[in-house]
Amino acid sequence: MSVRPQPTRVVFLGGLGRSGTTLLERLLGELPGCVALGEVVHLWARGVLADEACGCGEPFGACPFWLKVGDRAFGGWSAERAERVLELRRRVDRTRRIPGLARLLAEERAGAGAWRSPTVTEELGEYATAYRRLYEAAAEVADSPLVVDSSKHASLAFCLAAAGVDVHVVHVVRDPRAVAHSWRRRVARPEDGTPMTIWSPARTSMHWLTQNLGLELLAREGVPVTRIRYEDLLGSPARTLRRLAAGLGVRPSLGFLGDGEAELSVAHTASGNPVRFTVGRIGLTRDDGWRTGAPPRQRSLVTALTWPLMLKYDYPWRLS
């Protein structure tokens, strides 16, 4: 008698970049039954088309893990498929589409019918199917029923949920003043040395609001969403991971955590910040350099633009 494989479940890490999503993904990837995939939304362009390095250090096209995933999911990776997924992304996976995706999700959950545009329905289905097949193949190759995708974008989380993917969103938030300070730093991409994007404090504030409000809306539509603060993760890693593991239904085996550090194994992450290449010990300390490094005028601007949501997430108006 054959044993029916467990259905693949997706843990989607949502939020704005520079909020600790890559670190959280690496930590979750050390839990039994979990496999970290990186920012899958960028896999098609940076992995399949540009052949950037996997978290294991090998080029994407030479990584044994991703070669097996591509074979199982699509009969092999191809530029044509990647370009098609990117085209669909431009059409359906956009922040401005979130209100429409929310209506679709509400209608589906209420049994009130489907999207009013057959073309959009078909494109959304095709787009989400590519992700579903990738997730299922990765779970099979890794022999892990739970896959972790740190793509972050609220719009992608909506696409997956609206298309019926079994997704649990982990909403990662960080003090917006810290996030804005991080986005002003000059950081080189480890893959090719080119500078990463720099945003002004005002632009970062708008993106912080947009992504977090999008994930708040997703929770209101009945999608499982668990909020994790960067400050809590770094302040109490074991307690935060135990709580998260319990919510995800996985065993909280935390032998990889030490006193203020973690021991990370090799991860096959397709995209993400430089932490994805870390193997061995990594310190788990909060980066609070923004408190003295960010100019007071910048902090005040970010506070003025984000304060309603900032207070909701228990970030104090004034610094102690």
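Computed from a prediction, not measured in an experiment: that's the story for all the values here.

(A) Region of interest: the overall build of the protein chain. Looking only at helices and strands, one finds 13 helices and seven strands in the protein chain. Dimensions along the principal axes, computed over C-alpha positions, put the protein chain at roughly 60 × 45 × 40 Å. In the protein chain, buried positions account for 50% of the 320 residues. Put simply, 76% of the contacts in the protein chain that link residues at least 6 apart link residues at least 24 apart. On the protein chain, roughly 14,800 Å² of surface is accessible, and the fraction owed to carbon and sulfur atoms is 50%. Here the protein chain holds 43 positive side-chain charges and 34 negative ones, and the gap between their average locations is 7 Å.

(B) Spatial organisation of the nonpolar core. Among the nonpolar cores identified, the biggest contains 52 residues, and Leu37, Trp44, Trp66, Tyr131 and Leu134 are the most heavily contacted of them. Per-element accounting of this core gives the leading share, nine residues, to helix H6 (residues 118-142). The residues contacting Trp44, other than those within four sequence positions of it, are Leu49, Phe74, Trp77, Ala82, Val85, Leu86, Ala130, Tyr131 and Leu134. Within the second largest apolar cluster, 28 residues are counted, among which are Leu28, Val170, Leu254 and Ala262.

(C) Just the pattern of salt bridges, in detail. Using the criterion set out here, one finds 12 salt bridges in the structure. As a salt-bridge pair, Arg84 and Glu126 come within 2.9 Å of each other at their nearest N and O atoms. Of this pair, Arg84 sits in helix H4 (residues 79-92) while Glu126 sits in helix H6, placing them 42 residues apart in sequence. Its relative accessible area of 36% is what places Glu126 among the partly exposed residues.

(D) View of the environment of Gly283. As for its placement among the helices and strands, Gly283 is situated in strand E7 (residues 280-283). In this structure, the C-alpha to C-alpha distance between Gly283 and Ala262, residues 21 residues apart in sequence, is 6.6 Å. Each residue touching Gly283, except ones within four places of it in the same chain, is listed here: Gly260 and Glu261.

(E) The arrangement of the packing of aromatic side chains in detail. Applying the stated criterion to the full structure yields 13 aromatic pairs. Ring geometry for Trp44 and Tyr131: centres 5.7 Å apart, planes at 75°, overall edge-to-face. With a gap of 87 residues between them, Trp44 in helix H2 (residues 43-49) and Tyr131 in helix H6 connect regions that are remote in the sequence. Trp44 gets classed as buried once you look at its relative accessible area, which sits at 1%. For Tyr131, a relative accessible area of 0% gives the class buried.

(F) Structural view of the packing of helix H5 (residues 98-110) against helix H7 (residues 154-162). Across the interface, H5 lies against H7 with an axial gap of 9 Å and an inter-helix angle of 25°. Regarding the angle of H5 to H7, the classification is roughly parallel. As H5 runs across H7, the sense of the crossing is left-handed. In this structure, H5 contributes Ile98, Leu101, Ala102, Leu104 and Leu105 to the contact, and H7 contributes Ala154, Ser155, Phe158, Cys159, Ala161 and Ala162. Residue composition of the contact of H5 with H7, by class: 10 nonpolar, one polar and no charged.

(G) Molecular detail of unusual backbone geometry. A positive phi angle is found at Asp51, which is not glycine, with a value near 55°. As for its position among the elements, Asp51 is in the loop between H2 and helix H3 (64-74). Overall, Asp51 belongs to the partly exposed group, its relative accessible area being 38%. The phi torsion at Lys152 lies on the positive side, around 80°, for a residue other than glycine. Take Lys152: it is sitting in strand E3 (residues 146-152).

(H) The environment of Pro64, seen in detail. With respect to the element layout, Pro64 can be found in helix H3. Each C-alpha atom, one on Pro64 and one on Leu284, is 30 Å from the other, the two residues being 220 residues apart in sequence.

(I) Expanded view of the sheet that holds E3. The five strands are arranged E2-E3-E1-E4-E5 in an open sheet whose pairing can be described as parallel. The strands lining the two open edges of the sheet, one partner per strand, are strand E2 (34-36) and strand E5 (225-229). Between one strand axis and the next, the sheet turns by 25° as a mean value, whatever way the strands run. Where strand E1 (residues 9-14) lies against E3, five bridges are found, and the strand directions are parallel. Within E3, the residue paired with Val11 across the bridge is Val148.

(J) A look at a nonpolar patch on the surface. On the surface, a nonpolar cluster with roughly 230 Å² of combined accessible area is contributed by Met206, Leu301 and Leu305. Residue Leu301 is classed as partly exposed on the basis of its relative accessible area, which comes to 38%.

Rules used in this analysis
- Residues numbered from 1 in each chain as written.
- Predicted model: local features only at pLDDT ≥ 70, side-chain atom pairs only at ≥ 80, totals over all residues.
- Heavy atoms only, no water.
- Helix = DSSP H or I, 4+ residues; strand = E, 2+ residues; numbered from the N terminus.
- Buried < 20%, exposed > 50% of the residue type's maximum accessible area, 1.4 Å probe, protein only.
- Contact = heavy atoms within 4.5 Å.
- Areas by Shrake-Rupley, 256 points an atom, 1.4 Å probe, with all protein chains shown as cover.
- Lys, Arg positive; Asp, Glu negative; His and termini not counted.
- Charge placed at Lys NZ, Arg CZ, Asp CG, Glu CD.
- Core = buried A, V, L, I, M, F, W, Y, C linked by side-chain atoms within 4.5 Å.
- Salt bridge = Lys/Arg side-chain N within 4 Å of Asp/Glu carboxyl O.
- Phe/Tyr/Trp six-rings, centres within 6.5 Å; stacked < 30°, edge-to-face > 60°.
- Axes fitted to C-alpha atoms, helices over the stretch in contact; angles between N-to-C directions.
- Parallel < 35°, antiparallel > 145°, perpendicular 65-115°, else oblique.
- Left-handed = near helix turned anticlockwise from the far one by under 90°.
- Nonpolar A, V, L, I, M, F, W, Y, C, P; charged D, E, K, R; others polar.
- Pairing = 2+ DSSP bridges.
- Patch = residues over 30% accessible without salt bridge, like charges linked within 9 Å, V, L, I, M, F, W, Y side chains within 5 Å.

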